[in-house]
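Spelled out from the first residue to the last, the chains are:
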Amino acid sequence: MFPKCNLAVTGWVWRSMRKLFLLLSLLLSHAAHLEGKKDNQFIWKPGPWGRCTGNCGPGGSQSRGLWCFHSEGWTGHPSDCDEHNRPPKERSCFRVCDWHRGLFQWEVSDWHPCVLAPPAPGLAGPRAAECVTAQHGLQHRAVRCVQKLNRTMVVNEICEHFAPQPPTEQACLIPCPRDCVVSEFSPWSACSSGCGRQLQHRTRSAIAPPLYGGSQCPNLTESRACDAPISCPLGAEEYTFSLKVGPWSKCRLPHLKELNLSGKTVLDFSSESKELVTFRHHTYKVHHHSKSWDIEIGYQTRQVWCTRSDGRNAVLSLCMQDSFPLTVQSCIMPKDCETTEWSSWSPCSKTCRSGSLSPGFRSRSRDVKHVALGGGKDCPELLKKEACIVEGELLHLCPRYSWKTSEWKECQVSLLEQQSLHWHETGPICGGGIQTREVFCAQSTPASTAQRAKEVSRPVAKTLCLGPAPSASQLCNIPCSTDCIISSWSAWGLCVHENCRDPQGRRGFRMRQRHVLVESTGPVGRCPHLVESVPCEDPVCYQWLTSEGICIPDHGKCGPGHRILKAVCQNEQGEEVSGSLCPASPPPEQMDCEIPCRMDCVVSEWTEWSSCSQSCSNKNSDGKQTRSRTILALAGEGGKPCPPSQALQEHRSCNDHSCMQLYWETSPWGPCSEDTLVTALNATIGWNGEATCGVGIQTRRVFCVKSHVGQVMTKRCPESTRPETVRACLLPCKKDCLVTAFSEWTPCPGLCPPGNATIKQSRYRIIIQEAANGGQECPDTLFEERECEDVSLCSTYRWRPQKWSPCILVPESVRQGVMGTSEACGKGVQTRAVSCISDNNQSAEMTECLKQINGMPPLVQECTVPCRDDCTFTAWSKFTPCSTNCETTRSRRRQLTGKSRKKEKCQDADLYPLVETEPCPCDVFTSHPYGNWSDCILPESRKEPHRGLRIQAGATECGEGMRFRAIACSDKNGRPVDPVHCNSSGYIQEECVIPCPFDCKLSDWSSWGSCSSSCGIGVRIRSKWLKEKPYNGGRPCPKLDLKNQVHEAVPCYSECNQYSWVVEHWSPCKIHNELRSLRCGGGTQSRKIRCMNAADGEGGAVDNSLCNQDEIPPETQSCSLLCPNECVMSEWGPWSTCPQSCDPHTTQRRTRHLLRPSVSSRTCAEDSQVRPCLLNENCFQFQYNLTEWSTCQLSENATCGQGFRTRLLSCVRSDGKPVAMDECEQRNLEKPQRMNRHCLVECVVNCQLSGWTAWTECSQTCGLRGQRSRTRFILMPTQGEGRPCPTELTQHKTCPMTPCYSWVLSNWSACKLEGGDCGEGVQARSLSCVVHNGSISPWTVRVDNALCGEMPFQDSILKQPCSVPCPGDCHLTEWSAWSTCELTCIDGRSFETLGRQSRSRTFIIQSFENQDSCPQQVLETRPCTGGKCYHYTWKASLWNNNERTVWCQRSDGINVTGGCSPQARPAAIRQCNPACRKPFSYCTQGGVCGCEKGYTEIMRSNGLLDYCMKVPGSEDKKADVKNLAGKNRPVNSKIHDIFKGWSLQPLDPDGRVKIWVYGVSGGGFLIMIFLVFTSYLVCKKPKPHQSTPPQQKPLTLAYDGDLDM
């Protein structure tokens, strides 16, 4: 249609258009790409995450910034970026707070083993040759952040908040690579004497494995052909032929074409009845309880061929034997263990919210449908657990538990008083004791709930409370009662009205008081009465008290005058009151007096009234007081005469009241009781707001008591001093008994209870507050018990096997095809079904039986269908009966059946026995004791069940008990049997005694001795002495002195004025010269003195020795009676006081005044005196003196606890003399405040023990070494000198020996080939039940298998494949013995505790043709203990023709290969370098070139041989010497070697002297010659013609001056 050219043009146009179209497409795609690029020019860039904020824990959140960036770097609007690719700005996080510090921590694992560090990129790894001691390595460890409570892993950021993350990697050192070390080769095996080519071999074993990258072990076998083989004649080679058995193939099912004959009937020769048995394919199914057990039976084959001794195969007919191995057999098709599907997950174990983040756990399980068969896979895990986290705020909070305590019980001092009980007689006990309380664990309740709750939380198991429990006992103190200390009585007061405000009648009282110095303490501390009174007449409440002034003359200077009287009205307390209160008119304002004139008699002033002679008036005498005055000067002529002697004394009665004092006595205060008047005021307050308490009253009785008479009428005592009989008191609050709620009932046992024992459950409650003060009493029942209801008796499960199936053989078609025989006989297998049933024969899951029974009855067993030629027998008969005699036997029989009766081989009784005999069972048992006697065990007292541990004061720890020894029971044959056959208890027992401890006994304290000082501070002592020493662990004695006594000393203080000197008035002055008319002048006067006790009311004198003899007043003194004309002065007044500083520059003064002037104009004596104040003469300083603190003093009834230390205060004068306290008090000296302080006498606490726990279960379920034990605990350790704790806190008792039954595996049998000579076979071992006593000795006796229970179903442990090498096969040797334990050491020190030991197997080549099929050699290594450090050194033999043997030796003397450093290996061949090519030269023993005999070496400067020069006359001896000397001549050539090595070793390794030694010697010799020569030139006179000495030639030096040269 178109011309050709058009077609060409059209084609060209089409081609051009196509190219244009392609170009356009490329441009469009590029434009689209650019547009896309333009669209993606903006990208999101997030910032770093900020801090986690919000609530503590997982509820936090954190945010980050987000920006839209252009690709060129500038930011754009967020809308420019793709919203779909926008990263999140917020995320949840775990916010860490400071209180999390106690919840989380870093947990690090141990460092992993050190591994070689990888080489840096581009660098080769370190060569072993470079390693000297160790090489660099790295070790790692796992670091994770965990919760402390349950070790759950959390994110690391939490722990990083508190501490940086510990490093996970660190450098370490690895020892240098150690090559494998092997032993020496064994000797070559012997060659046989036959002809043909034969091999011999030798082997070695591995001693140490390769470590740290060392070289692998070399070949452990070497083989070689035997020398000079004897060639065999053609065709007469001596070969042996062996029937070789190959391995069994896998079990397989017959093909369909092989099952055509599967329904063919065969005869079963195993039974007498010719019953036809049909082979039902290959599957045996048993339907039982709708469960199918499918056991498929297949067959397996193996090859059998004939092999020649050189390893080649031969014709089978050369190996034919009578019994040919089976080549086909029945087998069980492998089937894996089948399980059910997983059950659903159990609920999470954590069902509440707690403060911790610990998860709970949940589990699921599956059951076994049937077990693995025929070597199938074993069962997988049947239980799986995993952590679970409960989410949601609706969960209730988990209960928290904490320790709770009851209130402390009363302090029991009697617990400490176990030594003596004298306190029952001496009064109420006090001092230190022990108090206890109950400690229990209970649920913590919030404070708001606790206020509303009326009951305390019920106790729970103590294991729920964390941390240490509070103490259940403590020392306590009962305060001791002490009576108050009182002052001495005051003086009797005036006779006053009983009530001065309302005076009635003429009867009054005189009273005296004393006051309390130290108040009484304790509940029974008493104070005596403080006021005593006596009745009197004419009482006066107010009276005038006058004071006299000096006598003022009325006219002139002497004569009559008057004194001014000042009167003051005072009440009975001595206080000044208004004068109107005094009953009488005031006394006159002045009274007459007289001043003596010059010639008048002068009389002194009246003295003070003396003290009353008696404190009261009795029938015989009254109290009296006296005062006196004396005549100072006689009257002159015309003067007023002196008064008569009677007028110089005055008497008055005093204390004229009766000695029968009256006082009020009171009974102790009664208990505080309610008063109806104040009941309305009482408030309700108490422990829990219910017990009422408030104000009550106490009453007591008051009696009027007359001293020495007793109780009198009440009106006799002054009503104003009557003590109160009623006082207000605080009513003790009523405290109801508080008990906890009952605890939960103890759970009934979930497991099967043993036998028909009654199972009980119990609960208890605890008293936390005892009832007091009339509160509600505690309930009687604190412990309840009841029998468990609906105890689910656990079912016991057992296996029920069904009958075995008929014996199933290989299918006939297979048997004919493989074996060529059609007879249905031989080995087969038979199966059975096994079901699990409960004790009531109900079907159960297989898992139930597997839980209770170890193992399962076999489902498959081998069986045999007898062939025509086999012997057949009847079944065994029953055993014949046994007689009572233990020595008899019993037997059973069987008989041959059918054609077997006529066969000769069946008649062999050894192969086919027809009678079996065994000994009869014997019931004669013997027992013998074993083990040690137990500790002496005391009989247990019956105790009420109680919770917790209680201190019991009277717990018996000694006395008569029993000790036990276990017995072992065995039968007549010595086999262990249950001890019940010999003894019901399994023990023999005998009486024993635990000696009771006896404490150290001391006497009671003696009474206090008297104070060692009668004035001031002294010491009082009391003591007690040893009565009986302690023994048997009794309480030890305190520290005793040499007289076995204990002393106690306390300071004491005696009032210095308790005993004082009392003086009477001086007698009139008796003039010495009575002949004088005027009887004036000097004379003497006397007085009576006596010692009085100030505390004695009667005023009687005591012995003068009781008063201070240093202060005894003078009984006589000189006096003077002035004459009429003499000047009369008054008595000296007191000295003025010196300042307390006793400054000697100060003075003191005393004065007197003129009473009568002298007649003459003579001046009178001085009227004042002055003297300096001298310390310790007339001036004294005073200070308080303190004693040291006394020992801790207790009440008489206390033995320990709280007491007092006292110290005493006295006043001491500066000359050391003790004085009355008034002296210091008057001077207002600073007085120490604390004169006593509390102290504590440590209580002697005997060790307090809990009761024994129950006996534990036996530590062994059977055998000899079982023990039971029980323990007790120390509740309170010994304190002070208490009875020490016993060392025996645990008691042991050996268990009776029960027999142990165990399955024992026998040794492996020899490899059974079943008719073959070599190849693959089976070795077996048996499982038998034995009885033994559990000891280490291997003594066992086989017993009936039923005693061991179900046999473990593990067919694999009873059979294993094995092989017997054929002649010519290459095979592995047996394992070598384990090498000695070796440690990895560096410089003889090991850095590991476990060593390693090795063993190896190598191969034996029997034919070179089979060496390619040899197995690999095997090396095994295991850790071991007790290893040693070995070092390896090179050893070398002596050189022989420049050769020697070099080998490596271990430090224990074993020659090895490997272990020594290859770099340090000595040379085995010695060569000279460069080689000795000079004429007449050779390589010497030293490895250098030398010259032959008769030639000498001429050396170069570099030490190498230049040439050998013949020695002239070298044939004689001298030439030989020169030759040797010439060899050592070149010194200079070796100098650089000296400095190069810089080693001062004079000998070469081969023993020759080094050349530098000769050089040094020669140089030293030249220096000596030079010094001698120089000295010679210096000392010698110079000569004009001195010729120089001829030079020595070098050759001459070389040849030692030989003239023959």
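About the thresholds
Residues numbered from 1 in each chain as written. Predicted model: local features only at pLDDT ≥ 70, side-chain atom pairs only at ≥ 80, totals over all residues. Heavy atoms only, no water. Core = buried A, V, L, I, M, F, W, Y, C linked by side-chain atoms within 4.5 Å. Buried < 20%, exposed > 50% of the residue type's maximum accessible area, 1.4 Å probe, protein only. Helix = DSSP H or I, 4+ residues; strand = E, 2+ residues; numbered from the N terminus. pLDDT = per-residue confidence, 0-100. Contact = heavy atoms within 4.5 Å. Disulfide = S-S within 2.5 Å. Pairing = 2+ DSSP bridges. Phe/Tyr/Trp six-rings, centres within 6.5 Å; stacked < 30°, edge-to-face > 60°. Lys NZ or Arg CZ within 6 Å of the ring centre and 35° of its normal.

Counting 20 residues, the largest nonpolar core has I332, V371, W799, C836, M846, M856 and L859 as its most contacted members. Broken down by secondary-structure element, the contributors of at least two residues to this core are β21 (291–301), β54 (797–801), β56 (834–838) and α6 (846–852). Formed by ten residues, the second largest nonpolar core is a distinct cluster that contains F104, V154, I158 and F162.

Attention now goes to the confidence of the model for the protein chain. In low-pLDDT regions, the fine details of the predicted coordinates are not to be read closely. Mean pLDDT for the protein chain: 77, with 82% of residues reaching 70 or above. Looking over the protein chain, one finds the lowest element-wise mean pLDDT in strand β18 (residues 265–267), namely 28, and the highest in strand β13 (residues 181–183), namely 93. Confidence over residues 1–14 falls short of pLDDT 50; this stretch has one contact with residues more than four positions distant or in other chains. Every residue in residues 124–128 is under pLDDT 50, and counting partners more than four places away or in other chains gives three contacts.

Okay, the state of the cysteines next. Tallied over the full model, the rule gives 48 disulfides. In this model C551 forms its disulfide with C593; the gap between the sulfur atoms is 1.8 Å. Judged by the sign of its S-S torsion, about 95 degrees, the bond between C551 and C593 is right-handed. Of this pair, C551 sits in strand β38 (residues 543–553) while C593 sits in strand β40 (residues 590–595), and the two are 42 residues apart along the sequence. Considered together, C551 and C593 belong to a single accessibility category, that of buried residues. For C936, the disulfide goes to C992, at an S-S distance of 1.9 Å. Given an S-S torsion of about 95 degrees, the disulfide between C936 and C992 has right-handed geometry. Placement of the pair is C936 in the loop between β60 (926–929) and β61 (959–970) and C992 in strand β63 (residues 987–994), with a sequence separation of 56 residues. In terms of burial, C936 and C992 fall into one category: buried.

Bringing the pairing of strand β88 (residues 1327–1332) into the picture now. When you tally the buried positions in β88, you get six out of six residues, the bulk of the element. Because side chains alternate across β88, one face comprises the buried residues L1327, C1329 and V1331, and the other comprises S1328, V1330 and H1332, equally buried. Pairing geometry for strand β86 (residues 1300–1305) and β88, over six bridges, is antiparallel. When the bridges of β88 are listed, Y1301 appears paired with V1331.

Attention now goes to the sheet that holds strand β6 (residues 90–95). Spatial ordering of the open sheet is given by β2-β3-β6, a layout of three strands whose pairing is antiparallel. In the strand order of this sheet, the two ends are held by β2 (53–54) and β6, each with one partner. Pairing of strand β3 (residues 57–63) with β6, which is carried by five bridges, proceeds in the antiparallel orientation. Paired with Q62 across the bridge in β6 is R91.

Scanning the model with the defined rule gives five aromatic pairs in all. Aromatic side chains F964 and Y987 sit 5.8 Å apart centroid to centroid with 70 degrees between the ring planes, which places their arrangement in the edge-to-face category. Of this pair, F964 sits in strand β61 while Y987 sits in strand β63, and the two are 23 residues apart along the sequence. In this arrangement the basic side chain of R1422 is found over the ring face of W1378, its NZ or CZ atom lying 4.0 Å from the centre. The aromatic ring of Y1495 is capped on one face by K1510, whose charged end is 5.5 Å from the ring centroid.

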